[in-house]
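# Observations on the three-dimensional arrangement
In case you want the letters, here they are:
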Amino acid sequence: MKRGILLLFAVLAISHFFYSCKKDEASGNEKITYKDGKYVATSSIKDDWGGEAKLEMEVKDGKIVSCTFTSYDNTGKIKDADYGKQDGEIKNLGIYKIAQNAVIQSEKYAELLVQTQNLDALDALSGATVSFALFKDAALQIMEEAKTTEGAIQIIDATECRT
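Quick look at the structure, then. The model shown is predicted, which means the values in this text are computed figures rather than measured ones.

What counts, and where the lines are drawn
Residues numbered from 1 in each chain as written. Predicted model: local features only at pLDDT ≥ 70, side-chain atom pairs only at ≥ 80, totals over all residues. Heavy atoms only, no water. Phe/Tyr/Trp six-rings, centres within 6.5 Å; stacked < 30°, edge-to-face > 60°. Helix = DSSP H or I, 4+ residues; strand = E, 2+ residues; numbered from the N terminus. Buried < 20%, exposed > 50% of the residue type's maximum accessible area, 1.4 Å probe, protein only. Core = buried A, V, L, I, M, F, W, Y, C linked by side-chain atoms within 4.5 Å. Contact = heavy atoms within 4.5 Å. 1 Å grid on protein atoms, 1.4 Å probe; cavity = no way out; pocket = protein on both sides within 12 Å on 5 of 7 lines; lining within 4 Å. Points joined across faces, edges and corners; volume = space filled by probe spheres on them. Nonpolar A, V, L, I, M, F, W, Y, C, P; charged D, E, K, R; others polar. Expected span 1.5 Å × (residues − 1). Polar contact = N/O pair within 3.5 Å; in protein donor to acceptor, adjacent residues only side chain to side chain.

## Observations regarding the packing of aromatic side chains
Per the counting criterion, the structure on display carries three aromatic pairs. Consider the rings of Phe69 and Phe135, whose centres lie 5.1 Å apart with planes at 85°: the pair is edge-to-face. Of this pair, Phe69 sits in strand E4 (residues 63-72) while Phe135 sits in helix H3 (residues 129-146), and the two are 66 residues apart along the sequence. Given a relative accessible area of 0%, Phe135 falls into the buried group. Aromatic side chains Tyr109 and Phe132 sit 5.0 Å apart centroid to centroid with 45° between the ring planes, which places their arrangement in the tilted category. Of this pair, Tyr109 sits in helix H2 (residues 93-116) while Phe132 sits in helix H3, placing them 23 residues apart in sequence.

## Notes on the nonpolar core
Counting residues in hydrophobic clusters, the biggest one holds 23 residues, and the most contacted among them are Leu55, Cys67, Leu113 and Phe135. When contributions to this core are tallied by element, the ones reaching two or more residues are strand E2 (37-42), strand E3 (52-60), E4, H2 and H3. Ranked by the residues each element gives to this core, the list is headed by H3, at eight residues. Once residues within four sequence positions are removed from consideration, Phe135 is found in contact with Leu55, Cys67, Phe69, Tyr109, Ala110, Leu113, Leu119 and Leu122.

## Considering the layout of surface pockets
The volume enclosed by the largest pocket comes to roughly 680 Å³. Every residue lining the largest pocket is counted, 31 residues in all, and those nearest its centre are Trp49, Lys79, Tyr83, Gly84 and Ala99. When residues of the lining of the largest pocket are assigned to their parent elements, the largest contribution, eight residues, is made by H2. A class-by-class count of the residues in the lining of the largest pocket yields twelve nonpolar, eleven polar and eight charged.

## A short note on H2
Spanning 24 residues, H2 covers 35 Å between terminal C-alpha atoms, matching the ideal 34 Å at 1.5 Å per step. The set of residues buried in H2 consists of Tyr96, Ala99, Gln100, Ala102, Val103, Gln105, Ser106, Tyr109, Ala110 and Leu113. Against the buried residues of H2 lie E3, E4 and H3. Near the N-terminus of H2, the side chain that reaches the backbone nitrogen of Gly94, with its oxygen 3.0 Å away, is that of Asn92. One or two steps after H2, the chain reaches Gln117, where phi turns positive at roughly 60°.

Right, here's the structure in full:
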């Protein structure tokens, strides 16, 4: 009986120790904020057809308040309502629909980033997976440029644990 009580006490004590010393899991002991400003980045990678993308982002009070994602084809022309046409005409309706779906879906990435404030929370959207890679690449460039950390990484030891 005494052994059971001592074991229970030991488990509770160890649990309390780890609970009191628990690091901030979400930030990995490092609080990341973003400097206010307007940022622009061009994807460092290209899509399968040689196109690229540009991301414009505004940060205010440490939050992303606006974001615009623009995709370009391999000639530098914006992917818009004409994307997927050949010589200015819809010669293959299937290809045109696929191209337009990619344009529509990729436009959602910027809105989703403003809503979630978290690039890792976003998933590629059906029909715009290649665009997602370009979006993410440009967003990571901006976030790295705008990033500030408050305080250094804190190493926790037993002397810092208090109830």
